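Listed here are the chains, written in short residue letters.
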Amino acid sequence: MQDSHHQLSGHALRVVMLLAAVYLVVLLAVLFIFGYTPTNDGVGYLEYAQKCLQQGQPYPTAQLYNEIPFVWNVGIINLTELSLWISGSIMPLLVLMCVMKAATALFMSLIASRLIHHNVAILAMMLYIIYPNNWGQSTMLSSEIPVNCLLMAAMWLALSSHTIRSMFASGLLMALANWFRPTAPIFLGSLFLYFLFFHRQRLALRMGSMLLGYGLFVGVVGTSCYLRTGHFVYQARSYWFSMVDECYDGAPVAPHWGQPVWPEGTPRYIENHEQMDCFEYEKIWKQRSLDWLRSHKTDYLKKVPGRLYYMYQSDYDNMPVFLSNKAQAENNYITIPFHHLLSEASSMNGAQWLSLFCLLLYGLLLLLAAMGTIRLVRGRQWQQLFLPLFIVVGGSLALVLVMHGETRFKDPLMPFIFILAASNIVYLRKKQ
């Protein structure tokens with residue numbers, strides 16, 4: 001393979017653009033054939049967007065501070081509100097989700113070309129397109145899609161051109177992604193280490209430009225919110241709501257969603273919480289969490305392997321798009337009878353069979369990515385390997401260190417797993 005940092009050739013660029021266009025058509029077809037897929041998060045985004053629309057303000061509002069347990073993913077709620085304000089419907093937003101999902105695949109391909117080779121770029125996109133779990137996500141109100149699209153765009157900008165302008169724009173896009181869901185520090189830190197190890201020239205100027213773009217977005221959005229509500233909010237503030245639910249004796253390692261917001265008998269419960277706002281809850285939860293962590297550091301760290309398992313055990317969260325009846329968000333999940341697969345196979349529906357197929361492909365994808373990693377290590381191709389591997393490994397550890405491990409949390413890391421898997425397939429093809 002060639003060295004890193006090349007542009008796609010004219011032919012290869014036309015191929016990936018065509019693949020992105022085909023993928024967009026597929027996503028739009030899935031949306032219009034199977035329709036909107038309600039999810040628990042999506043219902044919540046829609047509810048808050050409607051409340052803000054009634055109040056005539058963006059999210060969050062001062063009134064909502066007294067009604068919500070925490071400030072949620074700000075960007076997706078405001079994008080939902082904008083769609084409702086313009087059209088009275090979320091359909092324009094779902095179409096935009098399709099566009100952003102296809103753009104994510106395109107930026108992933110461009111990044112693969114810059115880091116490794118244009119053949120890897122084309123193959124990574126093809127894998128991404130045929131992967132079933134990537135078909136239905138854009139029928140949902142999802143914070144993951146805009147986050148992934150913006151982060152991949154920011155990464156591509158930073159890698160394709162080291163100019164001050166492109167680094168500044170990359171920082172802006174990362175901060176915008178963080179506005180939708182706070183995962184950008186993983187990618188910001190990864191880029192810093194990549195430039196430190198492999199492109200140290202003008203490092204301070206380049207990273208300073210990126211941080212300036214990032215900081216400008218944070219300053220403008222946070223100040224705007226402060227002037228409206230009295231609080232400097234520029235991203236979700238749900239961290240301590242989640243953390244306190246992990247910081248007590250007997251807290252399970254497995255994800256424990258679906259419980260009440262105020263579960264009595266746990267540190268999350270606050271007496272007289274009706275008289276407080278979400279920022280007061282946050283202070284209490286933070287203090288309780290830190291008090292427990294000071295004397296239970298080892299107990300907390302012991303949860304990390306289990307959380308990694310729960311995050312990577314499967315990958316078919318978006319398959320409910322194919323359920324025949326998906327009107328109720330709380331029922332839009334798919335279970336596969338693994339322990340009784342042979343006896344219950346005849347009663348499984350189409351969505352379950354497709355999910356099982358997706359799970360098999362997911363296992364193969366992880367195997368190919370691991371083999372691709374080993375191959376790059378053996379070839380001492382450290383520069384090509386660093387970003388994909390560091391983002392997957394470092395990002396996974398960072399996520400499970402600060403919260404429980406849900407399968408969908410790895411979604412921003414998946415493009416780099418596709419890149420690693422594609423690199424191995426290209427290598428195997430060359431050996432034939």
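Residues numbered from 1 in each chain as written. Predicted model: local features only at pLDDT ≥ 70, side-chain atom pairs only at ≥ 80, totals over all residues. Heavy atoms only, no water.

Each helix and strand counted, the chain has 18 helices and 0 strands in total. Here the C-alpha atoms of the chain give a radius of gyration of 22 Å, agreeing with the 22 Å that 2.2 N^0.38 yields for 432 residues. Taken across its 432 residues, the chain has 56% of its residues classed as buried. Long-range pairs, those at least 24 residues apart, make up 74% of the contacts in the chain between residues at least 6 apart in sequence. Summed over all atoms, the accessible surface of the chain reaches about 19300 Å², with 63% contributed by carbon and sulfur. (Helix = DSSP H or I, 4+ residues; strand = E, 2+ residues; numbered from the N terminus. Rg over C-alpha atoms; globule rule 2.2 N^0.38 Å. Buried < 20%, exposed > 50% of the residue type's maximum accessible area, 1.4 Å probe, protein only. Contact = heavy atoms within 4.5 Å. Areas by Shrake-Rupley, 256 points an atom, 1.4 Å probe, with all protein chains shown as cover.)

With that settled, consider the nonpolar core. Within the largest apolar cluster, 141 residues are counted, with the highest numbers of intra-cluster contacts made by Tyr 59 and Met 174. With 15 residues, helix H5 (residues 91–115) is the largest single contributor of residues to this core. (Core = buried A, V, L, I, M, F, W, Y, C linked by side-chain atoms within 4.5 Å.)

Looking now at the packing of aromatic side chains. Inspection of the entire model under this criterion finds 29 aromatic pairs. For the ring pair Tyr 281 and Trp 285, a centre distance of 5.7 Å and an interplane angle of 45° mean the geometry is tilted. In this pair, Tyr 281 and Trp 285 both sit in helix H12 (residues 278–295), 4 residues apart, roughly one turn of the helix. An identical accessibility class is assigned to Tyr 281 and Trp 285; each is buried. Above the face of the Phe 241 ring, Arg 268 is positioned so that its terminal group lies 3.8 Å from the ring centre. Over the ring of Tyr 312 we find Lys 410; its NZ or CZ atom is 5.8 Å from the centre of that ring. (Phe/Tyr/Trp six-rings, centres within 6.5 Å; stacked < 30°, edge-to-face > 60°. Lys NZ or Arg CZ within 6 Å of the ring centre and 35° of its normal.)

The next thing to look at is the packing of helix H1 (residues 10–34) against helix H6 (residues 118–130). Where H1 meets H6, the closest approach of the two axes is 10 Å, and the angle between their N-to-C directions is 10°. If you check the angle between H1 and H6, you find them roughly parallel. Residues Ala 12, Val 15, Val 16, Leu 19, Ala 20 and Tyr 23 of H1 pack against His 118, Ile 122, Met 125, Met 126, Tyr 128 and Ile 129 of H6. Partitioned by chemical class, the residues of the contact of H1 with H6 number 11 nonpolar, 1 polar and no charged. (Axes fitted to C-alpha atoms, helices over the stretch in contact; angles between N-to-C directions. Parallel < 35°, antiparallel > 145°, perpendicular 65-115°, else oblique. Nonpolar A, V, L, I, M, F, W, Y, C, P; charged D, E, K, R; others polar.)

Attention now moves to the side chain of Glu 406. Looking at where Glu 406 falls in the secondary structure, it is placed in the loop between helix H17 (382–402) and helix H18 (414–431). According to the relative accessible area criterion, Glu 406 is buried, its value standing at 12%. In terms of polar contacts, Glu 406 uses its side chain to reach the side chain of His 404, at 2.9 Å. Contact partners of Glu 406, with chain neighbours within four places excluded, come to Pro 255, Trp 257, Tyr 310 and Met 311. (Polar contact = N/O pair within 3.5 Å; in protein donor to acceptor, adjacent residues only side chain to side chain.)

Applying the stated rule across the entire model yields 11 salt bridges. The closest approach of N and O atoms between Arg 181 and Glu 144, which form a salt bridge, is 3.7 Å. Residue Arg 181 is found in the loop between helix H8 (164–180) and helix H9 (184–198), and its partner Glu 144 is found in helix H7 (residues 144–160); the two are separated by 37 residues along the sequence. What makes Arg 181 buried here is its relative accessible area of 15%. The salt bridge partner of Lys 410 is Asp 315, with a shortest N-O separation of 3.3 Å. (Salt bridge = Lys/Arg side-chain N within 4 Å of Asp/Glu carboxyl O.)

Further remarks concern the confidence of the model for the chain. Averaged over all residues, the pLDDT of the chain is 94; the fraction at 70 or higher stands at 98%. Between the elements of the chain, mean pLDDT differs from a low of 87, seen in helix H15 (residues 341–344), to a high of 98, seen in helix H4 (residues 74–87). The low-confidence segment residues 1–5 (pLDDT under 50) makes 22 contacts with residues lying over four places distant or belonging to another chain. (pLDDT = per-residue confidence, 0-100.)

The final tally for this structure, using the stated rule, is 0 disulfides. With no disulfide of its own, Cys 52 lies closest to Cys 225 among cysteine sulfurs, the gap being 10 Å. Lacking any disulfide linkage, Cys 278 is separated from the closest cysteine sulfur, that of Cys 225, by 9.9 Å. Residue classification places Cys 278 among the buried residues on the basis of a relative accessible area of 3%. (Disulfide = S-S within 2.5 Å.)

This brings us to the packing of H8 against helix H10 (residues 203–229). The packing of two helices is summarised by the inter-axis angle and the distance between the axes. Running from N to C, H8 and H10 point in directions that differ by 40°, and their axes come no closer than 7 Å. As far as their axial angle goes, H10 and H8 are oblique. As H8 runs across H10, the sense of the crossing is right-handed. Across from Ile 164, Met 167, Phe 168, Ser 170, Gly 171, Leu 172, Met 174, Ala 175, Leu 176, Asn 178 and Trp 179 in H8, the residues of H10 making contact are Leu 205, Arg 206, Met 207, Ser 209, Met 210, Leu 212, Gly 213, Tyr 214, Leu 216, Phe 217 and Val 221. (Left-handed = near helix turned anticlockwise from the far one by under 90°.)

A word on the side chain of Asn 133. Mapped onto the elements of the fold, Asn 133 is located in the loop between H6 and H7. A polar contact is formed between the side chain of Asn 133 and the backbone nitrogen of Asp 317, at a distance of 3.3 Å. Ignoring anything within four residues of it in the chain, the contact list for Asn 133 reads Asp 315, Tyr 316, Asp 317, Asn 318, Met 319 and Cys 358.

On to H8. The terminal C-alpha atoms of H8, which comprises 17 residues, lie 25 Å apart, in line with the 24 Å expected from a rise of 1.5 Å per residue. Looking at the buried residues of H8, the elements they touch are H4, H7, H9 and H10. (Expected span 1.5 Å × (residues − 1).)

With that settled, consider the environment of Ser 209. Residue position: Ser 209 is located in helix H10. Considering only alpha carbons, one finds Ser 209 and Trp 353, 144 residues apart in sequence, at a separation of 49 Å. In this structure Ser 209 touches Ile 164, Met 167 and Phe 168, once residues within four positions along its chain are discounted.

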